[in-house]
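# Survey of secondary and tertiary structure
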Amino acid sequence: MMSLVSLLLVGILFPTIQAKQFTKCKLSDELKDMNGHGGITLAEWICIIFHMSGYDTETVVSNNGNREYGLFQINNKIWCRDNENLQSRNICDISCDKFLDDDLTDDKMCAKKILDKEGIDYWLAHKPLCSEKLEQWQCEKW
C-alpha cells in the first residue's frame, strides 16, 4: 500500500513530459502563425520538420558531439542548454527539454529566432528536399 501511495505521489509531483506525434494537418494548424515568417511558407516548414524529426516532438539526435531536440531539431551548442553541453550559448534562453513536449510555443519562438539569425539553411533538409514541389506538404482540408 505504501509503495502505491509513493508511486502516486511521484506521478503527481513529477508529471511526465507530454510528447506528441503530429500528423501533417495537425502540425499545419499548430504552425499557421509561422507561414510567411522570413519568406518561408507553411509547406516548407512542414517538409523540413518531416525530414528532421518525422513530426515527433520527442526526437533527439546526437550530431558531432552535440544534440538536436524536438520537431525543429534545435541544437544544444548554440540555441538551448542541457546537461550534455554546459558551454552552450543558449541564445533562445531555454532548456532543450522544453522542445520535447507538446507545447510548441517555445519551439516556434526559437525556430523564428534561428531563421532570423541563420536563415533557412540552418535546416539542412530545406535546400535538397523542401525548396520546390511542395504541394504534397500542404494540408488539404475537406
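Residues numbered from 1 in each chain as written. Predicted model: local features only at pLDDT ≥ 70, side-chain atom pairs only at ≥ 80, totals over all residues. Heavy atoms only, no water.

## Section: the packing of aromatic side chains
All chains considered together, the criterion is met by seven aromatic pairs. Taking 4.9 Å as the distance between ring centres and 85° as the angle between the ring planes, the aromatic pair formed by Tyr122 and Trp123 counts as edge-to-face. (Phe/Tyr/Trp six-rings, centres within 6.5 Å; stacked < 30°, edge-to-face > 60°.)

## Let's talk about the nonpolar core
Grouped together as the largest cluster of nonpolar side chains are 35 residues, with contacts concentrated most on Leu27, Leu31, Trp45, Phe72, Ile74 and Trp123. Breaking this core down by element, the ones donating at least two residues are helix H2 (24–31), helix H3 (42–53) and helix H4 (105–118). Take this core: its biggest share by element is seven residues, from H3. (Core = buried A, V, L, I, M, F, W, Y, C linked by side-chain atoms within 4.5 Å. Buried < 20%, exposed > 50% of the residue type's maximum accessible area, 1.4 Å probe, protein only. Helix = DSSP H or I, 4+ residues; strand = E, 2+ residues; numbered from the N terminus.)

## A look at the state of the cysteines
By the definition in use, this model includes four disulfides. For Cys25, the disulfide goes to Cys139, at an S-S distance of 1.9 Å. Looking down the S-S bond of the Cys25 and Cys139 bridge, the torsion is 105°, so its handedness is right-handed. Here Cys25 is found in helix H2, whereas its partner Cys139 is found in the segment after helix H5 (126–129), with 114 residues between them in sequence. (Disulfide = S-S within 2.5 Å.)

## Details of the pairing of strand S1 (residues 60–63)
Where S1 lies against strand S2 (residues 66–69), four bridges are found, and the strand directions are antiparallel. Bridged to Val61 within S2 is Glu68. (Pairing = 2+ DSSP bridges.)

## Regarding the packing of H2 against H3
Running from N to C, H2 and H3 cross one another at 125°; their axes reach a closest spacing of 10 Å. If you check the angle between H2 and H3, you find them oblique. Relative to H3, the crossing made by H2 is right-handed. For the pair H2 and H3, the contacting residues are Lys24, Leu27, Ser28 and Leu31 in the first and Leu42, Ile46 and Ile49 in the second. Residue classes in the contact of H2 with H3 are distributed as five nonpolar, one polar and one charged. (Axes fitted to C-alpha atoms, helices over the stretch in contact; angles between N-to-C directions. Parallel < 35°, antiparallel > 145°, perpendicular 65-115°, else oblique. Left-handed = near helix turned anticlockwise from the far one by under 90°. Contact = heavy atoms within 4.5 Å. Nonpolar A, V, L, I, M, F, W, Y, C, P; charged D, E, K, R; others polar.)

## A word on the UniProt feature "domain: Glycosyl hydrolases family 22 (GH22)" (unreviewed entry) in the protein chain
Residues annotated by UniProt as "domain: Glycosyl hydrolases family 22 (GH22)" (unreviewed entry) correspond here to residues 92–110. Helix makes up 32% of residues 92–110 and strand 0%, and the two end C-alpha atoms of the span are 6 Å apart. (UniProt positions renumbered as here; feature names shortened; annotations may be inferred.)

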